[in-house]
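Structural description and commentary
Listed below, chain by chain, are the residues.
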Amino acid sequence: MQATHTAGAADHHADHGPQPTGLMRWITTTNHKDIGTMYLWFSFVMFLVGGAMSLIIRAELLSPGLQYVQPEFYNQMLTLHALIMVFGAIMPAFVGFANWMIPLMIGAPDMAFARMNNWSFWLLPPAAILLTASIFVPGGAAGTGWTLYPPLSIQMGMGMDMAIFAIHILGMSSIMGSINIITTILNMRTPGMDLMKMPLFCWTWLVTAFLLIASMPILAGAVTMLLTDRHFGTSFFSAAGGGDPVLFQHIFWFFGHPEVYIIALPAFGVVSHVIPAFSRKQLFGYASMVYAIAAIGLISFFVWAHHMYVTGIPLTGQLYFMYATMLIAIPTGVKVFNWVTTMWRGSLSFETPMLFALGFLVLFTIGGLTGLVLAMTAVDIQLQDTYYVVAHFHYVMVAGALFSAYAGLYYWLPKWTGHMYNESLGKLHFWLSMIFFNIAFFPQHFLGLAGMPRRIPDYAQQFADFNMISTIGSFGFGFSQLLVLVVVFQTMKGGAKAEARPWDGARGLEWTVPSPAPHHTFEDPPAFNPAEAHG
Amino acid sequence: MDGQYLNPKLSPEGIPPNIQEIRAAGNRRIVSILLAVVTSSFLFAYAQPPLYKAFCEWTGIYDIDRAQRVAESSIPARAVKLEFDANSHDGGLRFSPETASLSAKTGDIIHVTYRIENTRNTTVIGQAVPSYGPQHAGGYVKKLDCFCFKQQTFAPHEVREMPVVFVLERSLPDDVNTVTLSYTFFEVPAGSVTAPAKPGESRT
Ligand code: HEM
Ligand SMILES: [Cu+2]
């Protein structure tokens, strides 16, 4: 019937020759599952590196005064921590999920451009090395904060140049990855699966990938201008030559706000699979979910200056950005209500993926609400650059994106390894994370409200107690994360055999292939079954 | 669960045999569109500096002290007496204002000159530090230029005339009718500085 059985992309034929083994297998692989695995491991390693840096930061903040590090080094840790977590840990983790799951979810044999996929991954390690190695060059790493604001970023040493190059490389990787994901989703779905029947994770990634190709080049442009201001005598941002440092902030946040949704949307996608599976119900309001994702993606380009209320933008501008930012809460609220409604009268069970999804739901909502508080110009003038902002974005990025990644990890691990993970260890991991996360970050709201500035290694006496609590929480959180490593290794080595569909409520094509998923799947487009649709 | 397709075209039998070629062609078309998006996005970043400038000029928001000017202009100008004074901690320096006092109006731009003479045979490095009488009037003296912004180096027996340009704000409290601007010249001890301050390292 079908003439040949293979992939959509011509270069997939590489798979049919003699297979390289050992390290070369991983370096040359074009298989989406291998590449997905590499992305996930890479992101976990970066998560540990970035995590270690955050513990240096928190150790210094344990008590007032300077104890362990110099302010310059503190700033470098803070900058690298953020850059590594955003670009090295969270984003690659979700690209890893995309690589593994999108072809399985839409019934495609592989990603559309399998060889480019290999490239997207292998660009990451050099970028990671550039970033971390910059600590050791004269002058140290960039210490500007991840926002790289001039004039400081124009003045720093060569660590800054290395960060700029790392961002170029990471951006290239993300753009290539996004092109691949969009093409795969638009063109490789199994016949019969129209867009409005596609699993939600694919929808979130489709929009995310568009956000990436539209916003990453803007960041690349901004840092290139920084680079030429630093070395080639241009004055885009350097006031001495007639440039405007505030312009950098506009360009940065024009990228930066979509970026936060680049992190959040795939997390929404994962949760939209996990909650229905463990509620044993269809996702409530599929179409409204899709429209909400699209609306969030679109609006995210028009709210950037809520990060810039104190730069002296005119009153009308402040009002516009305030209302536009609040508007985003509507589609976001729609999603939260749909997740809750999905659980309504469902037959719920609380395995680890569901626990993480629920943790996500509760804590992300808190983060969304503090976001609304910050969106109010009059309030933000007080809270800008305080720990309140730090609390806000850790609620949305750690308890939001990271918890959702864990939900996805526990949910799909049986499919990847063929074994069930250790449920009690998984639950222990969840509860430790949940408790320590809140101990670490909830007090930061109080610190911010009381006026403690962010990005400062020392602080006034009255902030001492909450900082100590926060540091204890962050060490607890950090060390609990090592449990994942134990769980994953255990599951890879053995454990109860996983069935093709280990979760009775799970729907979707990915559960129709055996566990562990064979190296090649869906070489012939599978039959699309509407009963399996909607994630 | 199986075998129920919405329409027969969606069943595996309906999949065209040349699906690979169809997909490959589609992939190429999509990728060229996406590359165009990436390129225009990069160019968009570079279009920002001129666009930003044009936008700010068009809307007038580049004019960052307009609000203050508007607020100021609602207060009528009034006459004040200005007194100028100079002190030096060093007998080797003669330091004095060219004008001891003058009558002015708030809101006017005022130019005055100070004169300093190094009577010694050695180079003197130092800086003038301003003070105001009454003290709170200092907040209403907006200096546009002042020799006190920078450290100064005087060659042996050098005489120099140095300008101060300032505006006395109209919001000056009503009970202040005389403002004294006084400078004290502090010499930097020899050997404690190797070079005069770089331009830009200004101090008020
Ligand atoms: C209802 C949704 C949200 C609203 C209304 C909102 C609003 C805001 C506002 C107004 C600020 C600026 C605070 C300041 O600097 O003074 C901010 C900062 C931030 N937000 Fe959100 N936010 C929302 C969701 C998110 C999400 C989903 C993420 C990421 C996953 C995120 C990540 C961040 C980050 C990283 C910062 C700090 C950036 C920095 O200065 O380094 N936010 N948010
Ligand atoms: Cu934002």
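Residues numbered from 1 in each chain as written. Chains lettered and ligands numbered in written order. Predicted model: local features only at pLDDT ≥ 70, side-chain atom pairs only at ≥ 80, totals over all residues. Heavy atoms only, no water.

1. Here we look at unusual backbone geometry
Here the residue pair P150 of chain A and P151 of chain A is connected by a cis peptide bond, since its omega of 10° sits within 30 degrees of zero. You can see P151 of chain A is positioned in the loop between α5 (124–133) and α6 (152–155). In the segment running from G133 of chain B into P134 of chain B, the intervening peptide bond is cis, with an omega of -10°. Tracing the backbone shows P134 of chain B in the loop between β5 (124–133) and β6 (141–146). The phi dihedral of R280 of chain A falls on the positive side, at around 55°, and the residue is not glycine. Residue R280 of chain A is classed as partly exposed on the basis of its relative accessible area, which comes to 29%. One non-glycine residue with positive phi stands out, namely F522 of chain A, at about 50°. Mapped onto the fold, F522 of chain A is located in the segment after α17 (482–493). (Helix = DSSP H or I, 4+ residues; strand = E, 2+ residues; numbered from the N terminus. Buried < 20%, exposed > 50% of the residue type's maximum accessible area, 1.4 Å probe, protein only.)

2. What about the site of ligand 1?
All names here are of chain A. Near ligand 1, the surroundings consist of 22 residues, among which W146, D380, Q384, H392 and R454 are the closest. Between ligand 1 and D380 there is a distance of 2.5 Å, counted from an oxygen atom to a side-chain nitrogen or oxygen. Between a nitrogen atom of ligand 1 and a side-chain N or O atom of H392, the distance comes to 2.8 Å. Residue assignment for the shell around ligand 1 shows that the elements contributing at least two residues are α9 (245–279), α12 (352–375) and α14 (387–417). Here the shell around ligand 1 gets 6 residues from one element, more than from any other, and that element is α12. The residue makeup of the shell around ligand 1, split by class, is 13 nonpolar, 7 polar and 2 charged. (Near = heavy atom within 4 Å. Polar contact = N/O pair within 3.5 Å; in protein donor to acceptor, adjacent residues only side chain to side chain. Nonpolar A, V, L, I, M, F, W, Y, C, P; charged D, E, K, R; others polar.)

3. What to know about the sheet that holds β6 of chain B
All names here are of chain B. With respect to topology, 4 strands assemble into an open sheet ordered β2-β4-β8-β6, the strand pairing being antiparallel. Only two strands of the sheet have a single neighbouring strand rather than two, namely β2 (93–97) and β6. Strand-to-strand, the axes of this sheet are offset by a mean angle of 25°, without reference to chain direction. Judged from the 5 bridges that link them, β6 and strand β8 (residues 159–168) form a sheet pairing that is antiparallel. Paired with D145 across the strands is V165, a residue of β8. (Pairing = 2+ DSSP bridges. Axes fitted to C-alpha atoms, helices over the stretch in contact; angles between N-to-C directions.)

4. A word on the pattern of salt bridges
Residue and element names in this part refer to chain B. In total, this model carries 13 salt bridges over all chains according to the counting rule given. With a shortest N-O distance of 3.8 Å, E57 and K53 are connected by a salt bridge. Residue E57 and its partner K53 are located together in helix α1 (residues 19–59), separated by 4 residues, close to a single helical turn. A residue is classified by how much of its surface remains accessible, and E57, at 48% relative accessible area, is partly exposed. Between R94 and E117 there is a salt bridge, with its nearest N and O atoms 3.4 Å apart. Placement of the pair is R94 in strand β2 and E117 in strand β4 (residues 109–118), with a sequence separation of 23 residues. Among the charged side chains, a network of salt bridges with common partners joins R94, R115 and E117. (Salt bridge = Lys/Arg side-chain N within 4 Å of Asp/Glu carboxyl O.)

5. Observations regarding the nonpolar core
Core analysis: the largest hydrophobic core is formed by 188 residues, its most contacted members being F87, W205 and W339 of chain A. At 23 residues, helix α3 (residues 71–106) of chain A tops the list of elements feeding residues into this core. Among residues more than four places away in sequence, those in contact with F87 of chain A are P92, W146, L170, M216, L219, F255 and E259 of chain A. Residues F95, V124, A137 and F166 of chain B belong to the second largest nonpolar core, which totals 30 residues. (Core = buried A, V, L, I, M, F, W, Y, C linked by side-chain atoms within 4.5 Å. Contact = heavy atoms within 4.5 Å.)

6. Side note on the coordination of the copper ion (ligand 2)
Ideal geometry at a metal gives 109.5 degrees between four tetrahedral donors and either 90 or 180 degrees between six octahedral ones. Here the copper ion (ligand 2) is held by H257 of chain A (ND1), H306 of chain A (NE2) and H307 of chain A (NE2), and the distances to it run 1.9 to 2.1 Å. Taken as a pair, the copper ion (ligand 2) and the iron atom of ligand 1 show a spacing of 4.7 Å. (Donors = N, O, S within 2.8 Å, 3.2 Å for Na, K, Ca; no water.)

7. Quick look at a nonpolar patch on the surface
Residues and elements named next belong to chain A. Among the surface-exposed residues, W431, I435, I439, F442, F446, L449, F466 and I469 lie close enough to one another that they form a single nonpolar patch of about 710 Å² accessible area. Sorting the residues of the nonpolar patch by element identifies α15 (423–449) and α16 (464–480) as the ones contributing at least two each. Counting residues per element, the nonpolar patch draws most heavily on α15, which supplies 6 residues. Along the polypeptide, W431 turns up in helix α15. (Patch = residues over 30% accessible without salt bridge, like charges linked within 9 Å, V, L, I, M, F, W, Y side chains within 5 Å. Areas by Shrake-Rupley, 256 points an atom, 1.4 Å probe, with all protein chains shown as cover.)

8. Thoughts on the coordination of the iron atom of ligand 1
On the protein, H392 of chain A (NE2) is the one donor atom to the iron atom of ligand 1, at 2.1 Å. Assignment of secondary structure puts H392 of chain A in helix α14.

All we've got here are geometric facts, nothing functional implied.
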